[in-house]
Amino acid sequence: MPVIELRNITKSYGRGGFFRKKERFDVLKDINLDLHAGECLGLVGRSGSGKSTLGRIVLGLEPPDCGSVRILGNDVTGLKELPRHVRREVQVVFQNAIGSTNPRMTAGQIISEPLRNFDGLKGRKLKNRVAMLLEQVGLSPDDAGKLPGRFSGGQLQRICIARALAPSPKVIVLDEAVSSLDMLIQARVLELLESLRKKHDTAYLFVSHDLRLVNRFCSRSFLMNNGMLHAFHPELNADTEAREALNKLSSAILPPLPERKTGKEHAGMPN
Ligand SMILES: Nc1ncnc2c1ncn2[C@@H]1O[C@H](COP(=O)(O)OP(=O)(O)OP(=O)(O)O)[C@@H](O)[C@H]1O
Ligand SMILES: [Mg+2]
């Protein structure tokens, strides 16, 4: 049984409305996707192609217009809130760590929240588990007492990763979760995720702009283009439309070096 089953998911939003008549546009068109236990599924696509929208639907944060969502066999389509036993199994790390942490809660409190809520941990046991999670993401147990304002963006991102790992979920949506980390920490976090995948069969929906990372870390990958998913392998890609979109995406990620400009536009510029 897949841990996540999406069937015929459609989602549209309203666009315009200020200068011109509001119209609807389809972000997701008839999406079907199965995520299996222990697999890392890559999702790439241009900015605005609907990757995060799909992630939010998987997490039950947003309802689809049509279609159904099953998490661990439970039909959760259209539910305002996921049932508790399902909620602990699907965690998320968003790109924006600052926006997804309460500035008045210490790192320890942030990571403790799911441990208290779902496992009822407290006292010494809770403290030890928080310390272990902090160490796993390359931070120190002493960091538990600090507020988010005292961490760098990458450190705060690691606190979010520790929070997502805390309830030992079956699925983690990683929405550009490692993009802001320096390469050394990135490698360490990916290694940790990989070992959890092997040990606990954790599944990942890995949203990224970095094709090299997706290539290395994911067993299957999809490209989101015009509201549809195209299975792809970064090197051998049979589907022409997906290949074209992929080429555009690669060139957007690695833009050609700007041509050296000469002449008037540089007049007055220091050399
Ligand atoms: N709540 C909303 N209301 C209206 N439009 C929305 C809403 N959420 C997303 N959109 C639009 O839907 C499209 C897809 O957005 P989404 O955030 O899923 O893209 P994305 O692929 O994650 O992009 P990025 O790579 O920049 O994160 C965008 O055009 C966005 O403006
Ligand atoms: Mg996004």
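Residues numbered from 1 in each chain as written. Chains lettered and ligands numbered in written order. Predicted model: local features only at pLDDT ≥ 70, side-chain atom pairs only at ≥ 80, totals over all residues.

(A) Structural view of the overall build of the chain. Of regular secondary structure, the chain possesses eight helices and 10 strands. The proportion of buried residues among the 271 residues of the chain is 35%. By sequence separation, contacts in the chain at least 24 residues apart represent 66% of the contacts at least 6 residues apart. (Helix = DSSP H or I, 4+ residues; strand = E, 2+ residues; numbered from the N terminus. Buried ≥ 20, exposed ≤ 12 C-beta atoms within 10 Å, placed from the backbone. Contact = placed C-beta atoms within 7 Å.)

(B) Quick look at the sheet that holds strand β4 (residues 66–71). The sheet built from four strands is open, its strands ordered β2-β1-β4-β5 with antiparallel pairing. Here the strands that pair on one side only, and so sit at the sheet edges, are β2 (23–35) and β5 (74–75). Bridge count between strand β1 (residues 4–15) and β4: five bridges; the pairing is antiparallel. Looking at β4, one finds that R7 is bridged to S68. (Pairing = 2+ DSSP bridges.)

(C) Spatial organisation of the site of ligand 1. The immediate surroundings of ligand 1 are formed by Y13, V27, G45, S47, G48, S49, G50, K51, S52 and T53. Among the residues forming the shell around ligand 1, the class breakdown is two nonpolar, seven polar and one charged. (Near = placed C-beta within 6 Å. Nonpolar A, V, L, I, M, F, W, Y, C, P; charged D, E, K, R; others polar.)

(D) Here's a closer look at helix α3 (residues 107–119). The end-to-end C-alpha distance of α3 is 18 Å, a good match for the 18 Å that 13 residues give at a rise of 1.5 Å each. At E113, α3 is deflected by roughly 30 degrees, the largest bend along its length, and proline P114 occurs up to four residues later in sequence. Backbone geometry just downstream of α3 places G120 in the positive-phi region, at approximately 65 degrees. (Expected span 1.5 Å × (residues − 1). Bend = angle between axes of the 7 residues up to and from the residue.)

(E) Quick look at the sheet that holds strand β7 (residues 171–175). With mixed pairing, the six strands of this open sheet are ordered in space as β6-β7-β8-β3-β9-β10. Among the strands making up the open sheet, the edge pair consists of β6 (90–93) and β10 (228–232). Sheet twist, expressed as the average angle between the axes of neighbouring strands with direction ignored, equals 20 degrees. As judged from the four bridges shared by β6 and β7, these two strands associate in the parallel manner. Looking across to β7, one finds that Q91 is bridged to I172. In the packing of helix α5 (residues 153–165) onto the sheet, contacts are made with β6 and β7, and the angle to β6 comes to roughly 175 degrees. (Axes fitted to C-alpha atoms, helices over the stretch in contact; angles between N-to-C directions.)

(F) Just the nonpolar core, in detail. I161, A162, L174, Y204, L205 and F206 are the most contacted members of the largest nonpolar core, which totals 62 residues. Top element by residues in this core is α5. It accounts for seven residues. In contact with I161, other than residues within four places in its own chain, are V93, V137, A177 and V189. (Core = buried A, V, L, I, M, F, W, Y, C linked by C-beta atoms within 7 Å.)

(G) Molecular detail of the pairing of β10. Across five bridges, strand β9 (residues 220–225) lies against β10 in antiparallel orientation. Along β10, the bridge assignment pairs S221 with F232.

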